[in-house]
There are 2 protein chains.
Amino acid sequence: MSLRFALLALLRVGPLSGYDLQKQFAVSVGHVWHAPDSQIYPELRKMEAAGLIEGEERPRGERGTRKVYHMTDAGERAFLDWMRTPLEYARVRDPAHLRAAYLEATTPAAAREFFRAHISEWEGELAQWEGELARIAAVSNPMLALRLAVTPPEDRERTIAFKRFTYEGLVERAQGEIAWAQRGLALVDALAEDGAWSSAAELGA
Amino acid sequence: MSLRFALLALLRVGPLSGYDLQKQFAVSVGHVWHAPDSQIYPELRKMEAAGLIEGEERPRGERGTRKVYHMTDAGERAFLDWMRTPLEYARVRDPAHLRAAYLEATTPAAAREFFRAHISEWEGELAQWEGELARIAAVSNPMLALRLAVTPPEDRERTIAFKRFTYEGLVERAQGEIAWAQRGLALVDALAEDGAWSSAAELGA
DNA sequence: TTAACCATGTAAGGCGTTACATGATTCA
DNA sequence: TGAATCATGTAACGCCTTACATGGTTAA
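What counts as what
- Residues numbered from 1 in each chain as written.
- Chains lettered and ligands numbered in written order.
- Predicted model: local features only at pLDDT ≥ 70, side-chain atom pairs only at ≥ 80, totals over all residues.
- Heavy atoms only, no water.
- Near = heavy atom within 4 Å.
- Polar contact = N/O pair within 3.5 Å; in protein donor to acceptor, adjacent residues only side chain to side chain.
- Helix = DSSP H or I, 4+ residues; strand = E, 2+ residues; numbered from the N terminus.
- Least-squares fit on C-alpha atoms with pLDDT ≥ 70 in both.
- Contact = heavy atoms within 4.5 Å.
- Buried area = accessible area lost by both parts, 1.4 Å probe.
- Salt bridge = Lys/Arg side-chain N within 4 Å of Asp/Glu carboxyl O.
- Nonpolar A, V, L, I, M, F, W, Y, C, P; charged D, E, K, R; others polar.
- Core = buried A, V, L, I, M, F, W, Y, C linked by side-chain atoms within 4.5 Å.
- Buried < 20%, exposed > 50% of the residue type's maximum accessible area, 1.4 Å probe, protein only.

Engineer: I would appreciate a short explanation of the protein's contact with DNA strand C in the present structure.
Structural biologist: Lining the immediate environment of DNA strand C, one finds 22 residues, of which Gln39(A), Tyr19(B), Arg45(B), Arg60(B) and Lys67(B) sit closest. In the interface set of DNA strand C, defined as its atoms within 4 Å of the protein, sugar plus phosphate atoms amount to 79%. In the environment of DNA strand C, a phosphate oxygen lies 2.9 Å from a nitrogen or oxygen atom belonging to the side chain of Arg93(B). Secondary-structure elements contributing two or more residues to the surface near DNA strand C are α3 (37–49) of chain A together with α2 (18–26), α3 (37–49) and β3 (64–71) of chain B.

In structure tokens form, the structure reads like this:
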């Protein structure tokens, strides 16, 4: 359901084609809510059916067309309603901590490999989010620039402040995950030190 | 797919009925991987079909029966293989940070309410995880006690260490979310101070 | 005897993933 | 003329959610 509001958030700055939406999605709101094109196009159609957006076919070249979507009043209302509605939090489902809880069952090597992969996964996310933070500071993210262009000057500070604040939170989360996994590596070292970490775990090796 | 390995992790300590499994699930591994009964029973059947576990019907009272599952060698191997396989990380899909990025669109009151709800959500998780940490320290979680009973003495430290480490990570994550949301409340106060936070957001009110 | 708990599911539907599919346009 | 990119999807499948459904057993 959040996908819908992520798309509305983008369309609030102005009309966009499905393709542009999908491209801009990937480099803006997609950093907090991932969605592939195969999900975006059908969702746009559903949103049009629900009256939240309207699409106009525009010619492109000789034979090509593309559909440019814009928000309706109902769409704007739906977005603002969502903002005032309590979020539904997903139940916890965390594969990394699930595995971490049972690492005694495997070998020290596999445990280390797990933590290294965790670090590298979150370093990737961290880089994305730090990049966004930098682009926010420099107002070099195209969607943010567009948004500021349609925002009254006195509201611009707020607009930037919430984006910065959001990505700061994500950066801290990633740093926390990395620090935790680094402590995990140290823990494996400590536990493996006496050489007693059993070989039973090598069954499937 | 992780559900399967969460169930195998429980069954490694010994045979359990579907019902017991489901009950124990909720108070142990369910803290990191939530699953309702309506998912657990069918998954057990699939796991049986895949040869990872075997179920035996046992009589219960006059007419009742219950199915007691135990792990097969193939199940043990599947679990250990999973331990040595890189995790698949889910793409980011974070409704709270999605909303946070666009809070300038709503009212200060709604923004505050959002952060308060975020705090209360994570305080709930925090309490769960801190409770688990305490039960781990006291070895008063029944599944952990069972597990230690079937674990050679020299491996018990490791078993406890990874559980403690896992829940410490979750506690820190929750604390991070709470701290972030508290800074969010302060940010809303600061931005609302000059009274200029516009009324456009009240459209749908 | 009635409530709590034991015990095990089905059914419908939404969201998301991966893979596949097709054709137009633009620029080098 | 060929590659990149514009443009828009479908199909199949799996996971998860919510709601519903049914009956047996045990202890007060």
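Engineer: Would you mind going over the environment of Glu121(B) with me for this structure?
Structural biologist: Along the polypeptide, Glu121(B) turns up in helix α6 (residues 108–137). Separated by 66 residues in the primary sequence, Glu121(B) and Leu187(B) have C-alpha atoms spaced 20 Å apart.

Engineer: It is not clear to me how the protein's contact with DNA strand D should be interpreted in this structure. Could you clarify?
Structural biologist: What surrounds DNA strand D is a group of 24 residues, the closest being Tyr19(A), Arg45(A), Arg60(A), Lys67(A) and Gln39(B). Sugar and phosphate atoms represent 79% of those atoms of DNA strand D found within 4 Å of the protein. Within the side chain of Arg45(A), one N or O atom sits 2.3 Å away from a phosphate oxygen of DNA strand D. The separation between a phosphate oxygen of DNA strand D and a polar main-chain atom of Gly64(B) is 3.0 Å. Secondary-structure elements contributing two or more residues to the surface near DNA strand D are α2 (18–27), α3 and β3 (64–71) of chain A together with α3 of chain B.

Engineer: Teacher, can you tell me more about the relation of the copies chain B and chain A here?
Structural biologist: For the pair of chain copies, the relating operation is a rotation around an axis with a shift along it. Turning chain B through 180° and shifting it by 0.0 Å along the axis lays it on chain A, with an RMSD of 0.0 Å. On the angle and the small slide along the axis, the relation comes out as a two-fold axis. Rotation axis and chain B: the residue whose C-alpha lies nearest the axis is Arg173(B), separated from it by 3.6 Å. By residue overlap, the copies meet face to face through one surface: 100% of the interface positions of chain B are interface positions in chain A.

Engineer: Hey, could you run me through the interface of chain B and chain A in this one?
Structural biologist: Listed as interface residues are 80 residues of chain B and, on the opposing side, 80 residues of chain A. For the pairing of chain B and chain A, the buried interface totals around 7,400 Å² over both sides, and the portion due to carbon and sulfur atoms is 64%. Where chain B meets chain A, there are 10 salt bridges. Between Arg173(B) and Asp94(A) there is a salt bridge, with the nearest N and O atoms lying 2.9 Å from each other. There are 29 residue pairs in polar contact (both at pLDDT 80 or more) connecting chain B and chain A. Top contributing element to the side of chain B that touches chain A by residue count: helix α8 (residues 153–192) of chain B, with 21 residues. Of the residues assigned to the side of chain B that touches chain A, the class counts are 43 nonpolar, 15 polar and 22 charged.

Engineer: Even after reading the chapter, I still don't get the nonpolar core, so can you show me in this structure?
Structural biologist: The nonpolar side chains of a soluble globular protein tend to be buried, and buried together. One finds Phe25(A), Phe79(A), Phe115(A), Phe25(B) and Phe79(B) to be the most contacted residues of the largest nonpolar core, which totals 131 residues. In terms of residues, this core owes the most to one element, helix α8 (residues 153–192) of chain A, which gives 16 residues. Apart from the residues within four sequence positions on either side, Phe79(A) is in contact with Phe5(A), Leu8(A), Ala9(A), Arg12(A), Met71(A), Tyr102(B) and Ala105(B).

Distances and angles like these do not, on their own, reveal function.
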